Amino acid sequence: MKKILRIAAIALIAASFVGCATTVSYKVDRPAELDLNGAKTIAILPIQAEATNSGEAYFLSWLFGRPYKTTNKERNEMANFFSENLTMSLLDSGYFTVVGASQVSGAISNGNKAPCDVYLTGYISDWSNSVDSEYRENSEGKIELYQKRTAYVTYVYQIIDSSTNGIISQKTKKIEKNSGWLNANTSTLPAATDLLKNGTRDLVKEIMKQLQPYTVNQSVTLVDAPEKNEDFSACLDMAKRHFYNRAIEDFDSLYKNDGIIEACYNEALLKIVIGECNQAISLLDEVIASPAAGKLYKKAANA
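Model, not experiment: these values are computed from the prediction. (Residues numbered from 1 in each chain as written. Predicted model: local features only at pLDDT ≥ 70, side-chain atom pairs only at ≥ 80, totals over all residues. Heavy atoms only, no water.)

### Quick look at the pattern of salt bridges
Then, number 1: Tallying each qualifying case throughout the model produces eight salt bridges.
Then, number 2: For K173, the salt bridge identified is with E206, shortest N-O distance 3.4 Å. Of this pair, K173 sits in strand β6 (residues 166-178) while E206 sits in helix α5 (residues 192-211); the two residues are 33 residues apart in sequence, bridging distant segments of the chain.
Then, number 3: Judged by its relative accessible area of 29%, K173 is partly exposed.
Then, number 4: The partly exposed category is assigned to E206, whose relative accessible area is 34%.
Then, number 5: D252 is the salt-bridge partner of K256, the closest N and O atoms lying 3.2 Å from each other. Of the two residues, K256 and D252 both sit in helix α7 (residues 244-258), four residues apart, roughly one turn of that helix. (Salt bridge = Lys/Arg side-chain N within 4 Å of Asp/Glu carboxyl O. Helix = DSSP H or I, 4+ residues; strand = E, 2+ residues; numbered from the N terminus. Buried < 20%, exposed > 50% of the residue type's maximum accessible area, 1.4 Å probe, protein only.)

### Topic: the environment of D252
Then, number 1: Looking at D252, the relative accessible area reads 19%, which means it is buried.
Then, number 2: As a C-alpha pair, D252 and N266 span 14 residues in sequence and 9.0 Å in three-dimensional space.

### Section: the nonpolar core
Then, number 1: Grouped together as the largest cluster of nonpolar side chains are 34 residues, with contacts concentrated most on L222, F232, F251 and L270.
Then, number 2: Sorting the residues of this core by element identifies β1 (22-30), β8 (214-222), α6 (230-240), α7, α8 (261-273) and α9 (277-289) as the ones contributing at least two each.
Then, number 3: Here the element with the most residues in this core is α8; it accounts for nine residues.
Then, number 4: Core analysis: the next-biggest nonpolar cluster, separate from the first, contains 32 residues, F81, L90, I124 and L195 among them. (Core = buried A, V, L, I, M, F, W, Y, C linked by side-chain atoms within 4.5 Å.)

### Details of the environment of V98
Then, number 1: Tracing the backbone shows V98 in strand β3 (residues 97-98).
Then, number 2: Take V98: its relative accessible area is 24%, and that puts it in the partly exposed class.

Printed below as a string of structure tokens:
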């Protein structure tokens, strides 16, 4: 992590010296954010609509893998929405074998080990749905009623190691959204659940990154030569076509033979693209220390 932060800091400083030219996009594979001890199977127990663990209704719902229902239909809907989206995301990814919630709940209730390596359980700890109203002047100068709906939901979820029943991770996430002020005569306020679904989808994406490896899209911006140079342009073209190693070799040659500091900078960024971070740091240090860096900065400032 320290290495990545140092690269980012040096690249940011170096980027201030030069004008932008060619953007190269690439993908980086990241490991899961949590250590699940090599888990291969997982279950999602139904997210409960209320923060309670007492009462026969709750016990039976947990035992048979069904969500505990409250009288608040919207709260129930969001609990189901969270459970279903997370389960479908896991099924679609294919990284884990997803075990049915009822199988896991039944095994646990009988004092047996859950038939999965890890499982996720959770509940909605807080919920709010309110509407504010006020009279405003519309674009035609008429006084009309305007309304705004504000809703929030707070999820609490745990990821459990079934072999030890230990909590691997516990997190709380509050999602809040409002509709903005809408003319009551011409617009219908969206339902609270509709306001909160996108935020819940984003939470599912966050959880997926915690559970399994994922890929992120990144990019670096290469720079032009200080003056027209066909060899430099050819290097940029190779980089755009993802011939990274050839572009690195030729940028290195332009830097060492012709002293073009921009070539050194581009070589460093392409080293980052192919994962050679230590070499990238050394090259970026050279860019910062170069006597030409000041001239490049003035050139960029006057552009």
